[in-house]
Amino acid sequence: RTALETARKAWSDPAAALEAAAAECPREGRLALAPGDSGKILSREGSGVVRAFRLRPVFDQESALDRSRLLRGVGLRIFVDGAGRPSVAVPLGDFFGNPGHRHGFAAVALGRVGDDWVCRLPVPVREGSEVELENGADFPVEVEGGWKVGNVADGLRFLHASFSAMASTGGK
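In short, a report on the structure. If you're wondering where the values come from, they're calculated on a predicted model, not measured in any experiment.

1. Quick word on the overall build of the protein
- Within the protein, the regular secondary structure consists of four helices and twelve strands.
- A fraction of 77% describes how many contacts in the protein between residues 6 or more apart in sequence connect residues 24 or more apart.
- When the accessible area of the protein is evaluated, it comes to approximately 9500 Å², of which 50% is carbon and sulfur surface.

Shown next as structure tokens:
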């Protein structure tokens, strides 16, 4: 009954559910990346389920144009269980529903609330997980991150997401 009530509340007010999830993800990492650099912002060994994670780009100095370029220029990669290839490999803004410019977006599973970009999709892991960012922008970026990890439940499936861009050729 408690799980049903929690789900009902999340569906009726996704922004509140994302804000609550962000509050449960204490800041665990802060990563400053020069252009072309990449690094791990979150890393964990052992089994469990990533119940939620949040990222907060630090937009102290960037212009509005740079903030928009950051959304597509910074790549998000999530590695699970020591895999050589990421389970998730997408531009940061696209993953959180902000591909072109920052705007508030809240769905049950993910979105942007306030300065936090939050994902509530459960990611089960057997051996460990890492969240990595790659700065493809031509200016330095800084991002904070945190996550909430719980016990693993049997029968959970694994999240995979990728990104492909295709240039438009005039409607062809």
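2. Brief notes about the environment of A21
- One can find A21 in helix α2 (residues 14-23).
- Sequence separation between A21 and K148 is 127 residues; the distance between their C-alpha atoms is 8.1 Å.
- Residues within four places of A21 in sequence aside, it is in contact with A52, V118 and R120.

3. Observations regarding empty space enclosed by the protein
- Summed over all chains, the structure comprises one cavity of 30 Å³ or more.
- Here the largest cavity is characterised by a volume of approximately 40 Å³.
- Lining the largest cavity are V50, F53, I78, V123, S129, V131 and W147.
- If you list the elements that add at least two residues to the lining of the largest cavity, you get β3 (48-57) and β10 (128-135).
- Taken together, the residues of the lining of the largest cavity sort by class into six nonpolar, one polar and no charged.

The rules we used
Residues numbered from 1 in each chain as written. Predicted model: local features only at pLDDT ≥ 70, side-chain atom pairs only at ≥ 80, totals over all residues. Heavy atoms only, no water. Helix = DSSP H or I, 4+ residues; strand = E, 2+ residues; numbered from the N terminus. Contact = heavy atoms within 4.5 Å. Areas by Shrake-Rupley, 256 points an atom, 1.4 Å probe, with all protein chains shown as cover. 1 Å grid on protein atoms, 1.4 Å probe; cavity = no way out; pocket = protein on both sides within 12 Å on 5 of 7 lines; lining within 4 Å. Points joined across faces, edges and corners; volume = space filled by probe spheres on them. Nonpolar A, V, L, I, M, F, W, Y, C, P; charged D, E, K, R; others polar.

By themselves, these are just geometric observations and shouldn't be taken as functional.
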